[in-house]
Structures are given as C-alpha cells and as structure tokens.
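If you want the building blocks of each chain, they are given just below.
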Amino acid sequence: MSGSPTGAEAEPAVTEAEPVTAVDADADADAAAVAAPPPVLSVRGLSVRFRMRGGAHVAAVTDARFDLAAGECLALVGESGCGKSVLASALLGLLPENAQTAGAALLGDGTDLLTADERTLARTVRGRRVGLVPQSPAAHLTPVRTVRSQLEETLRELTGVRRPALREAGEAAAERAAFPAGHLDRYPHELSGGLAQRAATALALIGDAPLLLADEPTTGLDRELVDRTVDELRRHVGDDRALLMITHDLAAAERIADRVAVMYASRIVEIADAADFFGDPGPRHPYARGLLDALPDREFRPVPGMPPELSALPEGCAFAARCERADEACAVVPVLPAEPSSGAACHHPVAAALEASRA
Ligand code: SF4
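Procedures and definitions
- Residues numbered from 1 in each chain as written.
- Predicted model: local features only at pLDDT ≥ 70, side-chain atom pairs only at ≥ 80, totals over all residues.
- Helix = DSSP H or I, 4+ residues; strand = E, 2+ residues; numbered from the N terminus.
- Buried ≥ 20, exposed ≤ 12 C-beta atoms within 10 Å, placed from the backbone.
- Contact = placed C-beta atoms within 7 Å.
- Near = placed C-beta within 6 Å.
- Nonpolar A, V, L, I, M, F, W, Y, C, P; charged D, E, K, R; others polar.
- Pairing = 2+ DSSP bridges.
- Axes fitted to C-alpha atoms, helices over the stretch in contact; angles between N-to-C directions.
- Expected span 1.5 Å × (residues − 1).
- Parallel < 35°, antiparallel > 145°, perpendicular 65-115°, else oblique.
- Core = buried A, V, L, I, M, F, W, Y, C linked by C-beta atoms within 7 Å.
- pLDDT = per-residue confidence, 0-100.

## Considerations on the overall build of the protein
Part 1 of the reasoning: When helices and strands are counted, the protein shows 12 helices and 10 strands.
Part 2 of the reasoning: Across the 359 residues in the protein, those meeting the buried criterion constitute 38%.
Part 3 of the reasoning: Of the contacts made within the protein by residues no fewer than 6 positions apart, 64% connect residues no fewer than 24 positions apart.

## Quick look at the site of the ligand
Part 1 of the reasoning: Around the ligand, the surrounding shell holds 13 residues, and the nearest of these are Cys317, Cys323, Ala326, Cys330 and Cys346.
Part 2 of the reasoning: Across the shell around the ligand, the residue classes tally to nine nonpolar, three polar and one charged.

## Here's the deal with the sheet that holds strand β8 (residues 259-264)
Part 1 of the reasoning: Taken in spatial order, the seven strands line up as β5-β6-β7-β3-β8-β9-β10 in an open sheet, and their pairing is mixed. Only two strands of the sheet have a single partner each, and these edge strands are β5 (130-133) and β10 (343-344).
Part 2 of the reasoning: In this sheet, strand β6 (residues 211-215) lies alongside β5 in parallel orientation, the contact comprising four bridges. Bridge pairing in β6 links Val130 to Leu211.
Part 3 of the reasoning: Relative to β6, helix α2 (residues 84-91) is tilted by about 145°, and along the sheet it contacts β3 (73-77), β5, β6, β7 (242-247) and β8.
Part 4 of the reasoning: Here helix α7 (residues 193-205) sits on the sheet in contact with β5 and β6, set at roughly 175° to β5.

## Observations concerning unusual backbone geometry
Part 1 of the reasoning: A cis amide bond, omega 10°, links Arg163 with the succeeding residue Pro164.
Part 2 of the reasoning: Note on placement: Pro164 falls in the loop between α5 (147-159) and α6 (165-176).
Part 3 of the reasoning: In this structure, Pro281 follows Asp280 across a cis peptide bond, with omega equal to 15°.
Part 4 of the reasoning: If you trace the backbone, Pro281 turns up in the loop between α10 (274-278) and α11 (286-293).
Part 5 of the reasoning: The backbone of Ala265 shows a phi angle near 50°, a positive value even though the residue is not glycine.
Part 6 of the reasoning: Relative to the helices and strands, Ala265 resides in the loop between β8 and β9 (267-273).

## Brief notes about the sheet that holds strand β1 (residues 41-51)
Part 1 of the reasoning: With respect to topology, three strands assemble into an open sheet ordered β2-β1-β4, the strand pairing being antiparallel. The sheet is open, and its two edges are formed by β2 (57-68) and β4 (99-107), each paired on a single side. On average, each strand axis in the sheet is inclined to that of its neighbour by 5°, with strand direction left out of account.
Part 2 of the reasoning: Sitting on the sheet, α2 is in contact with β1, β2 and β4, with an inclination near 70° to β2.

## Some points on the environment of Ser85
Part 1 of the reasoning: As for its placement among the helices and strands, Ser85 is situated in helix α2.
Part 2 of the reasoning: Spatially, the C-alpha atom of Ser85 lies 8.9 Å from that of Thr247, the residues being 162 residues apart in sequence.
Part 3 of the reasoning: Those residues within four positions of Ser85 in sequence are excluded, and the remaining contacts are Gln135, Asp215 and Ile246.

## Focus on α5
Part 1 of the reasoning: The end-to-end C-alpha distance of α5 is 17 Å, a good match for the 18 Å that 13 residues give at a rise of 1.5 Å each.
Part 2 of the reasoning: Here the buried face of α5 lies against α6 and α7.
Part 3 of the reasoning: Looking one or two residues beyond α5, the residue adopting positive phi is Gly160, at roughly 80°.

## Quick notes on the packing of α5 against α6
Part 1 of the reasoning: Following both chains from N to C, one finds α5 and α6 inclined at 105°, their axes separated by 9 Å at the closest point. In terms of axis orientation, α5 runs roughly perpendicular to α6. Where α5 approaches α6, its residues Arg148, Leu151, Glu152, Leu155 and Arg156 are matched on the opposing element by Leu166, Ala169, Gly170, Ala173 and Ala174.
Part 2 of the reasoning: A class-by-class count of the residues in the contact of α5 with α6 yields six nonpolar, one polar and three charged.

## Re the environment of Phe50
Part 1 of the reasoning: Of note, Phe50 is situated in strand β1.
Part 2 of the reasoning: Among all residues touching Phe50, those that are not within four sequence positions of it are His57, Val58, Ala60, Asn98 and Ala99.

## Details of the nonpolar core
Part 1 of the reasoning: In this structure, Leu211, Leu244, Met245, Val262 and Val269 are the most contacted members of the largest nonpolar core, which totals 90 residues.
Part 2 of the reasoning: Ranked by residue count, the leading element in this core is α7, at eight residues.
Part 3 of the reasoning: Not counting residues up to four positions away in its chain, the partners in contact with Val269 are Val262, Met263, Tyr264, His285, Tyr287, Ala288, Ala344, Ala345 and Cys346.

## Let's talk about the confidence of the model for the protein
Part 1 of the reasoning: Overall, the predicted model of the protein reaches an average pLDDT of 86, with 87% of residues at or above 70.
Part 2 of the reasoning: Element-level mean pLDDT values for the protein span from 55 in helix α1 (residues 22-35) up to 97 in β8.
Part 3 of the reasoning: Note that pLDDT drops below 50 for residues 1-20; the model gives that stretch 20 contacts with residues more than four away or on any other chain.

## Considering the environment of His347
Part 1 of the reasoning: When you line up the elements, His347 lands in the loop between β10 and α12 (350-358).
Part 2 of the reasoning: C-beta crowding within 10 Å serves as the criterion here: with 18 such atoms nearby, His347 is assigned to the partly exposed category.
Part 3 of the reasoning: The sequence separation of His347 and Ala331 amounts to 16 residues, and the corresponding C-alpha distance is 10.0 Å.

Shown next as structure tokens:
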C-alpha cells in the first residue's frame, strides 16, 4: 500500500540554452507542490470482510482504490447490496464488531480512517473532518428532541455559536438544506421521510467538514427535492472541500458528479469522468453500461439476471454470469488499471470496442 497520495509530478522543462539552476528547480518544485495538494481522501486497497457464524465470510468491499480531490464530487453508484454503504461505514469507523478491514483510507492530513481509534474518530473526525448525510435519517435523528434542538446542539459543539445568536444560526442551518423553519419545533416522528432527510442534511452541513459523505441522500424524495438536495450538497464542494455521494440514483449522480465510480459485487469496476460516463463514449464496463441502459429515458432495458451473493462470490469476474461479452479470459478477476483516476476492470470493455470500430 502506498502511504502517499498519488498524482502526476510535473517535470521542469529543460533546454540546453537555459540550464536549470538550483533556484529554478526549487521554484518549480514549489509550484508543483502548490499545484497538487494532497487528495481530501485517498483510498487504497480497502477491503471489508464480515465474519459470520460457522466460519463463513462475506466479502462486502474488495480492494477499493480511488482519490477524491478538493473541489471534486465523486458519485459511487451501484445496485443495493453491492457494498457501497459498507464502504461508507468503513470510512466513518462505523462497522460492526465482526468486520475486518484491510488497506488504508487517508484524509489529507494523513489520518487513516481505518486505523484511527474511536476517540479520535468521535472527537476530531466525524462532523468536523468528515460530515455524514445518512442513509436512514429517521434513525440518525434523536427521536425525543426537536429538529431545532438538535441543530442548535450541533452548532454549539462544532462552531461554538452561543445564545442569543444560536436561534438564528439554527434557522440558517435549516435553510441551507431547504428545511422549512415552520417545522423546526417538530420531533423526528412528526416529519415525512423527505423532511427527515433534509433535517439530517442540515445537521451534516453544519461543520463544513472537508469531506462530506452522503449515503443515499435522496431516498424518499420526489424529483424536485432530489434536485434541490443534491444541488445543496454540491454547493458544499469548494476549494478545500469534497463530496463523496453514494447513490443508486444515476440521475442525481449525473446532475452533480465530476467523476463516477461504479461498484458491483464488492468491487469498484469502473471509474470515469462523469461527462464521458453519461455522454460519449459512455461507460466502458458492461455492467456500468447496463445500468445506464436500464434507465427509462435511455433504453429501459434491465440488466439480465441477479448479482451474486457477497457470501458466495464466483471465481473470476463476478459479472460473468450476466455478461454477454464473457469468455474464457473472464475466469481471471479483472482489475482496475493501476492509475486510479479512470478505467474499467474488464477484459473486454465496451467503449474500447466502440472506439476501435470508429477508428
Ligand atoms: S471481464 Fe468479462 S465477464 Fe467481466 S464484465 Fe468484462 S467481459 Fe464481462
């Protein structure tokens, strides 16, 4: 595992007429350092296994690798049960006790989220350096306290705001997530699913954490609210902040993502620029292409078959049983290219064949 963030190192231009001095080289090195800050999050070889009764193991996440740069939104997409929410839980140190992890998940300051102790995670990471928009907001909110009370408590803890400014700050925090001020004095059980989601989003945004992790943030929302919610999340992304959005909603991903990572049967099988993925040339991995083709506004043709159980993954490519391009080469597990910025883990990628036929 590489302990340092990846990234191309700029080489200074050298000509015979103008030899580079030590001062020039230092200046170039300084410029490169300024041009390439460390990723907000660098995930390397992250795997999660659950030990089950009888000695069985569930391979929930296998060898995940990606970087997330400041100012960037990466959408991690895939069907339910592919492992993407387990990956989110691993990044927050919220896995159950029967989980075993491997690899690394480094914040920009070098903190490894997989090995940090609970005290560090609770005091300095969750809410402050990693904000979470949860998958189940109703379960995330405290049931016996109003939304206003929970917003004000989080504001006190993360920003130090005190009365009398607290009430106005709480209403401003609610407004950021389009939570209506008239509902602030309600308890979580008095909220619709959409309002509970917006309350949870408002809480997650308070700390202005460098990394915002949104786990299925649009569940239960109608399309208009989906758009408002993801637009608000996108606004969180700034010069020194990044967003990892985990979703099965490809329309939401297309709306806000800079890059897309597709997960299938515990592995990231494709990473691509969003414009390439949703436009031309389109996804390179057959499963990723099938996901897009299944959308109603595309071919409305579902991917045939079902994904394998994570407790009984097949040898070789886990998509082979559903893939019309499978052949004997696919008995060997395909891996993403070593450069983590883009590529597909496939022996016969689709777009590559299309590009070749056009040439
Ligand atoms: S590796 Fe083979 S089976 Fe797997 S997606 Fe690619 S072509 Fe299909």
